[in-house]
Amino acid sequence: MAMNAYAQRVLDDLSKRYYWEKEFLQAATEVMESISLILDREPKYEKANILERIVEPERIVCFRVPWKDDKGEFRVNRGYRVQFNSAIGPYKGGLRFHSTVTLSIIKFLGFEQIFKNSLTGLAMGGGKGGSDFDPRGKSENEVMVFCQSFMTELARHIGADTDVPAGDIGVGGREIGYLFGQYKRLRNLFEGVLTGKGANWGGSLIRPEATGYGVTYFAQEMLRTRGQDIAGKIVVVSGFGNVAWGAVQKVTELGGKVVAISGPDGFVHDADGIRGEKIEYMLAMRASGRDRVQDYAERFHVPFYAGKRPWSIKCDVALPCATQNEVSVEDVQQLLKNGCICITEGANMPVVLDAAKILIDSKILYSPGKASNAGGVGVSGLEMAQNSMRLKWSREEVDRELQKIMRNIHQSCVEAAEQYGCPGNYVNGANIAGFKKVADSMIDQGLV
Ligand code: NDP
Ligand code: 2IT
């Protein structure tokens, strides 16, 4: 697809200025290619230099996180919060604790979050944060002490109407609890400053399941455009964390069969399908902090493939739910060869750029994470609404709203793709629909 000259200029400039930020540039390239279609038709964005502005975060906070381990030794990690764009609401987005975290990773995630949050239809700007702290093998006490130190700095930059973090890789309910407790002590405020909170203290029902449920609802919508249904489909999922768990649950409930999950150590192939106590066991594996999916293979006597990704297993639907760039060109070729008809992203940017191009050209159903994994932040938005009203909705109410959000996002992608001459292209559809609302809001607000 031809890149618009203005988009190319901004991207070239960005690539020179931040040449080492590989992941951020990858995310920016995808968006620039998609929105080239709008820029060709609407000169107002170039006139207002919107692209130069939108690729620059409004604010970046980098800080030292000192903590003491169980042996009493001083340790230090790096902390980040990128407040990328507040055109349509307070900054909103997760925190990632993983050894691979760099500013480039946080900027790519924050950039994606701008368009994702816009697609949800809720009033949320884009932000992301995290640390290169590695939770693997850390004791309960070390995790708590780290979270407290991280929040000691972060607290001065966030607030219920300013910036509302949540979880991501390595940050789940336990970490949100320690972070919230420390925020409350420092600020003397009980407010909805984080989402993904415990159900007893302001958390929304369904938030833990929301991302995976949303991914499945989105896949269902995609399949329906071709007269198909998730029921009876063979599904391969990567990862075994929060998103993978929610997706396995919902796919199974809707009559699909999940035959593989994966971890950093390899993947398991469970031809009978992952259901019942096996889904419960995914939670136990995650909570153990061992980060081994091999444990599943040993417990349920199914084959384990060390050091391999699950994309060689024959399936109708693939749901990458682990991390960025986990699906290569070869993986995509293998999936297509095996007759896969639908790839719905649960992780953020799991498919490398060249592989995504192959998928788009192949005309199978393929959706980008910023559309199909938006159910997590969508229910975070519902948690913020409940906190503001000091109310709590039932599971059924939240689930109904989540389904509505996912249907609307699907519809927006389909319509935008049609309107700009690329029907069925969910990547272009998501980027165009997400971008327009934010860019128009920036124009309305003047010097922002
Ligand atoms: P979890 O921490 O619960 O699980 C992440 C899984 O991916 C783990 O199995 C983890 O193992 C593995 N993983 C992470 N990084 C790598 C890596 N570099 N190489 C290999 N495996 C890796 O995280 P989530 O389920 O919350 O997140 C999964 C994906 O979904 C991420 O891309 C996240 O950004 C995205 N997402 C999450 C949302 C949420 O609400 N939680 C919402 C929308 C998207 P290990 O830790 O050992 O590497
Ligand atoms: O990538 C994401 O959308 C998330 N990790 C969830 C963010 C949130 O604020 O709920």
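Residues numbered from 1 in each chain as written. Chains lettered and ligands numbered in written order. Predicted model: local features only at pLDDT ≥ 70, side-chain atom pairs only at ≥ 80, totals over all residues. Heavy atoms only, no water.

Some words on the overall build of the protein
Looking only at helices and strands, the protein has 17 helices and twelve strands in total. Computed over its C-alpha atoms, the radius of gyration of the protein comes to 21 Å, within 12% of the 22 Å expected for a compact globule of 448 residues. Burial analysis of the protein (448 residues in total) assigns 57% to the buried set. A sequence separation of at least 24 residues applies to 73% of the contacts in the protein between residues at least 6 apart. Total accessible area on the protein stands at roughly 17900 Å², and carbon and sulfur atoms take up 50% of it. Distance from the positive charge centre (55 side chains) to the negative charge centre (54 side chains) of the protein: 2 Å. (Helix = DSSP H or I, 4+ residues; strand = E, 2+ residues; numbered from the N terminus. Rg over C-alpha atoms; globule rule 2.2 N^0.38 Å. Buried < 20%, exposed > 50% of the residue type's maximum accessible area, 1.4 Å probe, protein only. Contact = heavy atoms within 4.5 Å. Areas by Shrake-Rupley, 256 points an atom, 1.4 Å probe, with all protein chains shown as cover. Lys, Arg positive; Asp, Glu negative; His and termini not counted. Charge placed at Lys NZ, Arg CZ, Asp CG, Glu CD.)

Quick word on the site of ligand 2
Ligand 2 sits among 14 residues. The nearest are Lys-92, Lys-116, Asp-168, Arg-207 and Ser-380. Within the side chain of Gln-113, an N or O atom sits 3.0 Å from an oxygen atom of ligand 2. Burial of ligand 2 by the protein chains amounts to 94% of its free accessible area of 290 Å². Of all the secondary structure elements, the ones that give two or more residues to the shell around ligand 2 are strand S3 (91-97), helix H5 (103-120) and helix H15 (375-389). Along the lines of polarity and charge, the residues of the shell around ligand 2 split into two nonpolar, seven polar and five charged. (Near = heavy atom within 4 Å. Polar contact = N/O pair within 3.5 Å; in protein donor to acceptor, adjacent residues only side chain to side chain. Nonpolar A, V, L, I, M, F, W, Y, C, P; charged D, E, K, R; others polar.)

Brief notes about helix H17 (residues 426-445)
Here H17 contains 20 residues, and its C-alpha end-to-end distance of 29 Å stays within 8% of the 28 Å for a straight helix at 1.5 Å per residue. Two residues or fewer after H17 comes Gly-446, characterised by a positive phi angle close to 80 degrees. (Expected span 1.5 Å × (residues − 1).)

Comments concerning the pairing of strand S7 (residues 257-263)
Burial analysis of S7 places six of its seven residues in the buried class, which makes it a mostly covered element. For strand S6 (residues 234-238) and S7, the ladder comprises three bridges, and the chain directions are parallel. Bridging across to S7, Val-236 finds its partner in Ala-260. Considered for its hand, the β-α-β crossover made up of S6, helix H9 (residues 242-253) and S7 is right-handed. As paired elements, S7 and strand S8 (residues 266-269) share four bridges and run antiparallel to each other. Note that in S8 the partner of Ser-262 across the bridge is Phe-267. (Pairing = 2+ DSSP bridges. Right-handed = clockwise from strand over helix to strand, strands pointing away.)

So, the packing of aromatic side chains
All told, the structure shown has 24 aromatic pairs when counted by the stated rule. Taking the centre distance of 6.1 Å and the plane angle of 85 degrees together, the rings of Phe-97 and Phe-133 count as edge-to-face. Of this pair, Phe-97 sits in strand S3 while Phe-133 sits in the loop between strand S4 (126-131) and helix H6 (140-154), and the two are 36 residues apart along the sequence. Each member of the pair Phe-97 and Phe-133 is classed as buried. Note on Phe-133 and Phe-146: the rings are 3.9 Å apart at their centroids and 5 degrees apart in plane angle, and the pair reads as stacked. Here the residue Phe-133 occupies a position in the loop between S4 and H6, and Phe-146 occupies one in helix H6, the gap between them amounting to 13 residues. A relative accessible area of 1% means that Phe-133 is categorised as buried. A relative accessible area of 0% means that Phe-146 is categorised as buried. (Phe/Tyr/Trp six-rings, centres within 6.5 Å; stacked < 30°, edge-to-face > 60°.)

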